[in-house]
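Structural description and commentary
This is what each chain is made of:
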Amino acid sequence: MAWSTRSSRTVYENRWIRVREDEVTGPDGDGIYGVVQMQQPAVFVVALDDDDRVCLVELERYTTGRSLEVPAGGSDGEDPLVAAQRELREESGVTAARWDYLGRMNALNGIADAPEHVFLARDLSIADATSSQREEGIEAVRWVPFAEALGLIADGTITDGETIAALAFAGIHAGRFR
């Protein structure tokens, strides 16, 4: 049975998210469904250097605590590639000459409408992002061999779902998981 929405109302909104409550009819009958909707799509960047190291940023998340993630952020209404280029520079101090679009994913699709775009950045150059990193709360930028990053997922060090998915996209793109 398909879902149908009988009514919808916004219960909270800010510049990043909108939370709505829908009265729905679903597989189990009538009910209420809460949906978090991102105001703009997000972007995630897997930046790989010439030594096959991936760029990870270390920061403290209000919701979950310490986190190790690929550079990412909101698109702020920009074209996703432009947003990805901006986020990589702001969060890591790096620019890239080569960009590949890896795909689209959805975060928390059981409760959210949160589209995300994943890019692979290559041919990297160092820029300066010190002030942006402080604003973002980034405590460190780490360059980790790709295989080691997969190990950090396996041992539970990397727990951010979007980072895990972005690294999977990059590994599939590179033919490592086939």
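Residues numbered from 1 in each chain as written. Predicted model: local features only at pLDDT ≥ 70, side-chain atom pairs only at ≥ 80, totals over all residues. Heavy atoms only, no water.

Notes on the overall build of the protein chain
Definition in use: Per the convention used, a helix needs a DSSP run of H or I reaching at least four residues, while a strand needs a run of E reaching at least two, with both numbered from the N terminus. Only protein chains enter the accessibility calculation, which uses a 1.4 Å probe. A residue is then buried if its area is under 20% of the maximum for its type, exposed if over 50%, and partly exposed in between. Pairs of residues are marked as contacts when any of their non-hydrogen atoms sit within 4.5 Å. Shrake-Rupley sampling with a 1.4 Å probe provides the accessible areas, and residues are treated as covered by the protein chains on show and by no other component.
From N to C terminus, the protein chain includes four helices and eleven strands. The principal-axis extents of the C-alpha atoms in the protein chain amount to approximately 55 × 40 × 30 Å. In the protein chain, which comprises 178 residues, the proportion classed as buried is 39%. Expressed as a percentage of contacts within the protein chain between residues at least 6 apart in sequence, the contacts between residues at least 24 apart total 56%. With an accessible surface of roughly 9900 Å², the protein chain has 49% of that area assigned to carbon and sulfur atoms.

As for the pattern of salt bridges
We count it as follows: Any carboxyl oxygen of Asp or Glu within 4 Å of a side-chain nitrogen of Lys or Arg constitutes a salt bridge here.
Taken as a whole and assessed by the stated rule, the structure comprises 16 salt bridges. A single salt-bridge network, built from bridges that share partners, covers E58, E60, R66, E139 and R142.

Regarding the side chain of T25
The following threshold applies: Each polar contact in these results corresponds to two N or O atoms within 3.5 Å; when the atoms are within protein, one needs to be able to donate a hydrogen and the other to accept it, and residues that are neighboring in sequence are counted only if both atoms are side-chain atoms.
With respect to the element layout, T25 can be found in strand β2 (residues 17–26). For T25, a relative accessible area of 15% translates into the label buried. A distance of 2.7 Å separates polar atoms of two side chains, one belonging to T25 and the other to D30.

Side note on the layout of surface pockets
Where empty space is left in the structure can be found by rolling a water-sized probe over the atoms. Short version of the rule: Here a cavity denotes a set of grid points, spaced 1 Å apart and computed over the protein atoms alone, in which a 1.4 Å probe fits but from which it cannot get out, and a pocket denotes an open set meeting protein on both sides within 12 Å along at least five of seven lines; residues with an atom within 4 Å of a point are reported as lining. Grid points are joined across faces, edges and corners, and a volume is the space filled by probe spheres set on the points. Residues are grouped as follows: Ala, Val, Leu, Ile, Met, Phe, Trp, Tyr, Cys and Pro are nonpolar; Asp, Glu, Lys and Arg are charged; all remaining types, including Gly, are polar.
Estimates place the volume of the largest pocket at around 1500 Å³. Lining the largest pocket are 43 residues, with M38, A42, F44, R61 and G73 sitting closest to its centre. At the level of secondary structure, the elements contributing two or more residues to the lining of the largest pocket comprise β3 (29–38), β4 (42–47), β5 (53–61), β6 (65–69), β7 (72–74), α1 (80–92), β10 (115–126) and α4 (161–173). Counting residues per element, the lining of the largest pocket draws most heavily on α1, which supplies four residues. Looking at the lining of the largest pocket residue by residue, the classes come out as 18 nonpolar, eleven polar and 14 charged.

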